[in-house]
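The chain contents come next:
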Amino acid sequence: DGGITQSPKYLFRKEGQNVTLSCEQNLNHDAMYWYRQDPGQGLRLIYYSQIVNDFQKGDIAEGYSVSREKKESFPLTVTSAQKNPTAFYLCASSQDREITQYFGPGTRLTVL
Amino acid sequence: AQSVSQHNHHVILSEAASLELGCNYSYGGTVNLFWYVQYPGQHLQLLLKYFSGDPLVKGIKGFEAEFIKSKFSFNLRKPSVQWSDTAEYFCAVGANTGFQKLVFGTGTRLLVSP
């Protein structure tokens, strides 16, 4: 069953704690992306990775970090430096030359 | 830089009504255009896309969109909506050069009443 999985579905953390969101894909896609979705603001790009061991900042990278050690995995860490971390986080992937992005189910992060 | 505008934030329709959701983009070069849909509790999924060729593209579930280059628009249409079309719809634009990054609009929430 091919696709993108994100875990957990819901995540609660205390203010000041770092938290890592998981994203795994078995589509053999080269590129992976992280977006943040807030009501009325659509999707905003946090980080993206075109290939293993390489990643680039998106439009709202401050307070976030990523790694891409394996093709199938692209975890996102929300650090304590992120001023407003409560949001819905979406991971996506695409084949290098196939520009259509496919999305995971998302993780809803609530910082208390 | 690219930008995308979806002017309708909330749309309420009765079943069988016709739908048109506006999407305008700002970008000077060749673009790839997408409509994604997010049904309640489900993944964001691709509805349709335009890369080149016929500017009228057909997607899943009876949706279609027309690319009008002179108007920088890619409006989504459906002749007769159903209750199951209740969802949030996102327009997205990607530059047709280099690595593809998508810029999304703010979304339109569609509520179809039975």
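Analysis parameters
- Residues numbered from 1 in each chain as written.
- Chains lettered and ligands numbered in written order.
- Predicted model: local features only at pLDDT ≥ 70, side-chain atom pairs only at ≥ 80, totals over all residues.
- Heavy atoms only, no water.
- Helix = DSSP H or I, 4+ residues; strand = E, 2+ residues; numbered from the N terminus.
- Buried < 20%, exposed > 50% of the residue type's maximum accessible area, 1.4 Å probe, protein only.
- Phe/Tyr/Trp six-rings, centres within 6.5 Å; stacked < 30°, edge-to-face > 60°.
- Contact = heavy atoms within 4.5 Å.
- Buried area = accessible area lost by both parts, 1.4 Å probe.
- Salt bridge = Lys/Arg side-chain N within 4 Å of Asp/Glu carboxyl O.
- Polar contact = N/O pair within 3.5 Å; in protein donor to acceptor, adjacent residues only side chain to side chain.
- Nonpolar A, V, L, I, M, F, W, Y, C, P; charged D, E, K, R; others polar.

Q: Can you help me understand unusual backbone geometry in this one?
A: Keep in mind that most residues, glycine aside, have a negative phi and that most peptide bonds are trans. Across the junction of Ser-7 of chain A and Pro-8 of chain A, the peptide omega takes the value -10°, indicating a cis bond. Topologically, Pro-8 of chain A is positioned in the loop between strand E1 (4-7) and strand E2 (10-13). Not every positive phi belongs to a glycine, and Asn-53 of chain A is a case in point at roughly 65°. Relative to the elements of secondary structure, Asn-53 of chain A occurs in the loop between strand E5 (42-51) and strand E6 (54-57). With a phi angle near 80°, Ala-16 of chain B is a residue other than glycine that sits in the positive phi range.

Q: Explanation requested: the environment of Phe-90 of chain B in the structure shown.
A: Assignment of secondary structure puts Phe-90 of chain B in strand E10 (residues 87-95). It is 8.9 Å that separates the C-alpha atoms of Phe-90 of chain B and Cys-23 of chain B, two residues lying 67 residues apart in sequence.

Q: Is there a simple way to think about the environment of Ala-92 of chain A in this case?
A: Residues and elements named next belong to chain A. Its location among the elements puts Ala-92 in strand E9 (residues 87-94). Judged by its relative accessible area of 0%, Ala-92 falls in the buried class. With 52 residues separating them along the chain, Ala-92 and Gly-40 place their C-alpha atoms 20 Å apart.

Q: Would you mind showing me how to read the packing of aromatic side chains here?
A: Aromatic ring pairs are reported here in terms of the distance separating the ring centres and the angle at which the planes meet. Per the stated rule, a full pass over the model turns up 14 aromatic pairs over all chains. On the numbers, 6.3 Å between centres and 25° between planes, the contact of Tyr-33 of chain A with Tyr-35 of chain A is stacked. Take Tyr-33 of chain A and Tyr-35 of chain A: they sit in the same class, and that class is buried. Consider the rings of Phe-103 of chain A and Phe-104 of chain B, whose centres lie 6.1 Å apart with planes at 80°: the pair is edge-to-face. With Phe-103 of chain A in strand E10 (residues 102-103) and Phe-104 of chain B in strand E11 (residues 102-104), this residue pair bridges two chains.

Q: I tried to follow the interface of chain A and chain B on my own but got confused; where do I start?
A: How big an interface is tends to be expressed through the accessible area that disappears when the partners come together. With 20 residues of chain A at the contact, the number on the chain B side is 18 residues. Summed over both partners, the interface of chain A with chain B buries about 1,700 Å², with 61% contributed by carbon and sulfur atoms. In terms of surface lost to chain B, no three residues of chain A exceed Leu-43, Ile-99 and Phe-103 of chain A, which account for 32% of the buried area on that side. Counting every contact that joins chain A to chain B gives zero salt bridges. Run the count over chain A and chain B and you get four residue pairs in polar contact (both at pLDDT 80 or more). Those elements that place two or more of their residues in the side of chain A that touches chain B are strand E4 (31-38) and E5 of chain A. If you tally residues by element for the side of chain A that touches chain B, the top one is E5 of chain A, at five residues. A class-by-class count of the residues in the side of chain A that touches chain B yields 11 nonpolar, eight polar and one charged.

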